[in-house]
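# Notes for the structure review
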Amino acid sequence: MPTRRTTRGADRTRLSGDWDVLICGASFAGLAVARELAGSGARVLVIDRYEVGERQTSACGIPTEWLRVMGLMTSHRQTFGRLVVHTPFGTSVLELPWTFSTFDYATLCQALAAQSDHDFETAKVNGRSGNTVHTDRGDLSAPLIVDALGWRRVLGSGYQPPDAPLSRGLEVHPWGAGDEMELWIDRKYVPAGYGWSFPADDEVRVGVGSFDPRFHVKDTTVMLAEELSREPVRYQGNWIPHRLRAATDDGVFFVGDSAGHCLPLTAEGIRTALYFGIACGRELRAVLDGDQPIAAALASYDDFSESHRWKFEAMLAAQRLVPRVPPRLLHHSISAMQWKRFVSWSFGHYLDIAPPSYAGTPRSAVVADELDVVAVGV
Ligand SMILES: Cc1cc2nc3c(=O)[nH]c(=O)nc-3n(C[C@H](O)[C@H](O)[C@H](O)COP(=O)(O)OP(=O)(O)OC[C@H]3O[C@@H](n4cnc5c(N)ncnc54)[C@H](O)[C@@H]3O)c2cc1C
C-alpha cells in the first residue's frame, strides 16, 4: 500500500471555524469550483483527505482543448489524433475531429489549485448536519457547501456498490511508451464495458472498466496488460457513477462524480467535472458578489445540471445496448463509423455535451486584466 501525503500525528491539529464557502474534495470538480471564486475576497476553504494531487483518480485522458483553455498544458503528457478500436473481429481506426491528451494528475491538480486563492486543509469528511460538515479533525461551517468528494456523495444520501448504478474501473501504470490511444470492446475482457491503453509519455495506463459492478476486472486487467507485454504494476481503481443524480440536495451543491456527472457510455468524467464545477462556481460567485441569494444559486445550478439529463440518459441507453449487440454486428458498426463525416459529426456532438468553450475566463482573471489596463492607463 502506498503512503499518501496527508497531515499526520502532531500536525493533525483540531480544525474548526466558519467560512463563506466550504469545498469538500480537491480533485477536478472541487478545484474547478474554487477557481471561479478566486479574487472574490470570500473566505474559501477546500478540504480533502490527502494533499492536492496525491491520489490519481483516473487514466487522465481529456480533450486537449480543455487543457489549453484551462491553462493546464504544463500537465500535458501525450496527444492523440485518432482512436484505435479493437474487437474480436478486427481493428478500426477513427480519425478524430479534435485531439485527446493524457496528462499528469498531480501537476494538473496543483496547477488548477494555483489558479485560485482558497485555504486548504487535509481532513476526512465524515458527514454533515445542516451547514456544518463533520471531519476527523473537527467541525467546519459555511452557508455555501460543495460536495466534490466523488461517487460516495458523502454529504448526501450514499450509494452502495454493487447495487447502485456504478461502473468499476481498474488500471495498471507500467513504465513504457506507446503511440496509440486504444480501446478493446471484447467480451473476453469484460461482458459489458471496455479495455483501454492510454500512453502518457513514459508510462502507459492499461485498464478495464465494467458497467456491471458485479464483474471483477482485476484478472482481465492483468490479462490485457500481459497480452500487451506490459507489467501489471502500480494499480489504481475506483467506482464510477454512470447515472446523473440531483445536483443539489438540502442546501448542498454536488459536483462531478458526486452528482453522477461522469458520461455513462465512455466513463469520461474529468471534463464534465471541470464543466459542472465551473457552472457551480459561477453560481456561488454570483452569491458572493451579492448578485443573487443562495436559493437562486441552488435552483439555477440544479436546472443547469438537469438540462443535460437527456444526453446522459441517451448515453446510458447506449451503454445498456452495446453489450447486447452480437459481436460481429458490433464490429461492422464500429467499422462503418470510420467514415470521416460520421466521426466528425458524432464526436462533435459528444464534445458539445461539455464543450471547452464553456470554460471561458474566470472572473478573477478578467478583473486582473482590467486592473492592468487601469494601471497602464494611469
Ligand atoms: C480506472 C479509471 C480510469 C478513468 N479514466 C478516465 C479518463 O481517462 N478520463 C476521464 O475523463 N475520466 C476517467 N475516469 C473517471 C474520472 O476519474 C472521474 O469521473 C473523475 O475523477 C471525477 O472527478 P471528481 O473531482 O468528481 O472526483 P474524484 O476525482 O474522485 O475526487 C474526489 C476527491 O475527494 C476526496 N475524498 C473522497 N472522499 C473523501 C472524504 N471522505 N473526505 C475527504 N476527502 C475525500 C478524494 O481524495 C479526491 O481528491 C476514470 C475512472 C477510473 C476509476
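Residues numbered from 1 in each chain as written. Predicted model: local features only at pLDDT ≥ 70, side-chain atom pairs only at ≥ 80, totals over all residues. Heavy atoms only, no water.

### Re the overall build of the protein
Counted only if it meets this: Helix and strand assignments come from DSSP, with helices taken as H or I runs of at least 4 residues and strands as E runs of at least 2, each series counted from the N terminus. What the globule rule says is 2.2 Å times the number of residues to the power 0.38, and the radius of gyration is computed from C-alpha atoms. The buried label applies to any residue whose accessible area, calculated with a 1.4 Å probe on protein chains only, is under 20% of its type's maximum; exposed applies above 50%, and partly exposed to all values in between. Should any heavy atoms of two residues lie within 4.5 Å, those residues are counted as being in contact.
Each helix and strand counted, the protein has 10 helices and 18 strands in total. The C-alpha atoms of the protein give a radius of gyration of 21 Å, which matches the 21 Å a tight globule of 378 residues would have. Dimensions of the protein, computed from C-alpha atoms along their principal axes, come out at roughly 60 × 50 × 40 Å. By residue count, 53% of the 378 residues in the protein fall in the buried class. At a minimum sequence separation of 6, the contacts of the protein that also span at least 24 residues come to 74%.

### Side note on the sheet that holds strand β15 (residues 203–210)
Inclusion rule: By this definition, two strands are paired if DSSP reports at least two bridges between them. All axes are obtained by fitting lines to C-alpha atoms, using only the stretch in contact for helices, and the reported angles, taken between N-to-C directions, cover 0 to 180 degrees.
Here eight strands make up an open sheet; going across it, the order is β4-β6-β5-β13-β14-β15-β12-β16 and the pairing mixed. Only two strands of the sheet have a single neighbouring strand rather than two, namely β4 (61–63) and β16 (235–241). For this sheet, the mean angle separating the axes of adjacent strands, direction not counted, is 30°. Relative to β15, strand β14 (residues 193–200) is paired through eight bridges, and the arrangement is antiparallel. Residue pairing in the sheet places Pro 199 in a bridge with Val 204 of β15. Along the sheet, helix α5 (residues 270–288) makes contact with β4 and β6 (90–103), crossing β4 at roughly 60°.

### Some remarks on helix α9 (residues 340–352)
Our working definition: Multiplying 1.5 Å by the residue count of a helix minus one yields the expected span of that helix. In this description, the arc belongs to the directions extending from the helix axis to the C-beta atoms.
With 13 residues, α9 ought to run about 18 Å at 1.5 Å a step, and its terminal C-alpha atoms sit 18 Å apart, in line with that. Val 343, Ser 346, Phe 347, Tyr 350 and Leu 351 are the residues of α9 that are buried. All buried residues of α9 lie within an arc of 135° about the axis, which places them on one face of the element. The outward face of α9, more than 90 degrees from its buried face, is lined by the exposed residues Arg 341 and Trp 345. Residues of α9 that are buried in the fold lie against β4, β5 (76–87), β6, α5 and α7 (309–321).

### Re the pattern of salt bridges
The line we're drawing: Between Lys or Arg on one side and Asp or Glu on the other, a salt bridge is scored when a side-chain nitrogen of the former is within 4 Å of a carboxyl oxygen of the latter.
For the structure shown, the criterion picks out 18 salt bridges. In this structure, Asp 202 engages Arg 77 in a salt bridge whose closest nitrogen and oxygen atoms are separated by 3.4 Å. In this pair, Asp 202 sits in the loop between β14 and β15 while Arg 77 sits in strand β5, placing the two residues 125 residues apart along the sequence. In this structure Asp 202 comes out as partly exposed when scored by relative accessible area, which is 37%. Here Glu 95 and Arg 82 are joined by a salt bridge, their closest N and O atoms 3.8 Å apart. Note that Glu 95 is positioned in strand β6 and Arg 82 in strand β5, a separation of 13 residues in sequence. You can call Glu 95 partly exposed: its relative accessible area is 40%. Taking the relative accessible area as the measure of exposure, Arg 82 reaches 31% and is therefore partly exposed. Salt bridges linked by common partners bring Arg 243, Glu 306, Arg 309 and Glu 313 together as one network.

### A closer look at the site of the ligand
How we decide: Definition of nearness: a residue and a molecule or strand are near each other if at least one heavy atom of the residue lies within 4 Å of the molecule or strand. For the purposes of these results, a polar contact is taken to be a pair of N or O atoms within 3.5 Å, where, inside protein, one atom must be able to donate a hydrogen and its partner to accept one; residues adjacent in sequence count only when each atom of the pair is a side-chain atom. Shrake-Rupley sampling with a 1.4 Å probe provides the accessible areas, and residues are treated as covered by the protein chains on show and by no other component.
The local shell around the ligand holds 35 residues, among which Ser 27, Asp 48, Thr 57, Val 125 and Asp 257 are the closest. Within the side chain of Ser 27, an N or O atom sits 2.8 Å from an oxygen atom of the ligand. Between Ile 270 and the ligand, the recorded distance is 2.9 Å, taken from a backbone N or O atom to an oxygen atom. Considered on its own, the ligand offers 1000 Å² of accessible surface; in the complex 94% of this is hidden by protein. For the shell around the ligand, the secondary structure elements donating two or more residues are α1 (28–37), β12 (166–172), β14, β16 and α5.

### What about the state of the cysteines?
To keep things clear, this is the line we draw: Cysteine sulfur atoms that pair up within 2.5 Å are treated as a disulfide.
The final tally for this structure, using the stated rule, is zero disulfides. Take Cys 262: it sits in no disulfide, and the sulfur closest to it among the cysteines is that of Cys 60, at 13 Å. Judged by its relative accessible area of 2%, Cys 262 is buried.

### Some details on the pairing of β15
In terms of burial, β15 is largely enclosed, as eight of its eight residues are buried. Residues Glu 203, Arg 205, Gly 207 and Gly 209 point to one face of β15 and Val 204, Val 206, Val 208 and Ser 210 to the other, with burial holding for every one of them. Sheet analysis places β12 next to β15, joined by five bridges and oriented antiparallel. By the bridge assignment for β15, Glu 171 is matched with Gly 207.

### Some points on the sheet that holds strand β3 (residues 44–48)
With mixed pairing, six strands are arranged side by side in an open sheet as β7-β3-β2-β11-β18-β17. Of all strands in the sheet, those bounded by a partner on one side alone are β7 (119–122) and β17 (248–249). Strand direction decides the pairing type here: β3 and β7, joined by four bridges, are parallel. The residue bridging Leu 45 from the neighbouring strand is Asp 119, located in β7. Against the sheet, α5 contacts β2 (21–24), β11 (144–147) and β18 (252–254), and its axis sits at roughly 170° relative to β11.

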